[in-house]
Amino acid sequence: MSVLVCDLGFSSAKWMYEDRKGRIISAFRYDGDNLMVGEEALLSSGSSYLKTMEELVRFYPEFVGHCFKAAKAEGTVTLAVGLPFSYWQDQNKPGGAVPALAKALSGALVTDVAIFPQGLGGLRDYLDNVEERPDGNVLGIDIGFNTIIFTLFSPQKRQIIYGKTLNKRGVHQMATSYLLPRIKDLAPSGTFTPVEIAFLIEKGYLQYGFERHDVRKEINDAGVAYIEHILRDVQGELQAHVGMHADFDRVLLFGGGAALLKDGFPAKNIEVIVLPVPEFANARGFRSLAGGM
């Protein structure tokens, strides 16, 4: 049975099917009674990015339908999707949003629906490809557009020790607090919409009329500074909630925010690993987890 992954986040839906993969921008727009999503929604005014968990769950079936089309999936599939860790943990119960979403995503072409906590996928992807399973704990940090999900995992016990979703963090905060001050001389308007920020980071340049300014170095520098800040915050959270058991031997960075680190992350006294093609790490892990069902 083939596995179709559709990992929807606040910036894009990452899909994987057989040897193909792609992304669909998490934008939507109503045109009368019709709902458009992805690049098509950005073609005219009135478009919006997904901003809340309620919107994420409500529009998930629509994005999964587009993932089916983009992947050119044939026959029946096992569908693997993800939700932010804290929300998944809170809503994975009878009457919660997780079983409700599984029901909404079921259909004639979907034999099984697996809903995983985002963050766990990246950890699974790393453990699938490491030569020797680590003895100590591993800290996975999934840097999304509007969230940061950190997961402290014990490879030996094969269990999550602690995890949490930090809302209103991630690439958007990195851009507004760390990147825009670095490029303020190049940005006369001084402010950007979420759609413009996503476009700026994706393309790596600012353009005004006939002038184009390469800001890839500034994006990388902002990413390093922001992740150093996040690591301190996460360490504080772990000390507060886990205490003596908050130790870890290595940190895994993945998600769209980790993809900004083109030159890697300058580790100091602990091993920090940016996973290959980090924006698809969760999707690869979900495919592996679903394949073992």
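Reference entry: report on the structure contained in this document.

Reading the values: the criteria
Residues numbered from 1 in each chain as written. Predicted model: local features only at pLDDT ≥ 70, side-chain atom pairs only at ≥ 80, totals over all residues. Heavy atoms only, no water. Pairing = 2+ DSSP bridges. Helix = DSSP H or I, 4+ residues; strand = E, 2+ residues; numbered from the N terminus. Axes fitted to C-alpha atoms, helices over the stretch in contact; angles between N-to-C directions. Contact = heavy atoms within 4.5 Å. Patch = residues over 30% accessible without salt bridge, like charges linked within 9 Å, V, L, I, M, F, W, Y side chains within 5 Å. Areas by Shrake-Rupley, 256 points an atom, 1.4 Å probe, with all protein chains shown as cover. Salt bridge = Lys/Arg side-chain N within 4 Å of Asp/Glu carboxyl O. Lys, Arg positive; Asp, Glu negative; His and termini not counted. Charge placed at Lys NZ, Arg CZ, Asp CG, Glu CD. Buried < 20%, exposed > 50% of the residue type's maximum accessible area, 1.4 Å probe, protein only.

**Considerations on the sheet that holds strand β10 (residues 147-154)**
Spatial strand order, β11-β10-β9-β14-β15: five strands in an open sheet with mixed pairing. Either end of the sheet is taken by a strand with one partner, and the two such strands are β11 (159-167) and β15 (271-274). Averaged over neighbouring strand pairs, the angle between their axes works out to 15° when direction is ignored. Sheet topology places strand β9 (residues 138-143) next to β10; six bridges connect them, and they run antiparallel. Paired with Leu 139 across the bridge in β10 is Leu 152. Contacting β9, β10, β11, β14 (250-254) and β15, helix α4 (residues 120-129) runs over the sheet at an angle of about 115° to β14.

**Concerning the sheet that holds strand β5 (residues 34-37)**
The strand order across the open sheet formed by three strands is β5-β4-β6, and the pairing between neighbours is antiparallel. Among the strands making up the open sheet, the edge pair consists of β5 and β6 (48-49). Pairing of strand β4 (residues 27-31) with β6, which is carried by two bridges, proceeds in the antiparallel orientation. Looking at β6, one finds that Phe 28 is bridged to Ser 48.

**Side note on the pairing of strand β3 (residues 20-25)**
Sheet topology places strand β2 (residues 12-17) next to β3; six bridges connect them, and they run antiparallel. Across the sheet, Ser 12 pairs through a bridge with Ile 25, a residue of β3. Here β2 folds back onto β3, and the loop between the two strands holds two residues, one of which, Glu 18, carries a positive phi near 55°.

**Some remarks on a negative patch on the surface**
Residues Glu 131, Glu 132, Asp 135, Asp 247 and Asp 249 make up a contiguous surface patch of negative charge. Counting through the fold element by element, Glu 131 comes out in the loop between α4 and β9. Relative accessible area serves as the criterion here: at 87%, Glu 131 is assigned to the exposed category.

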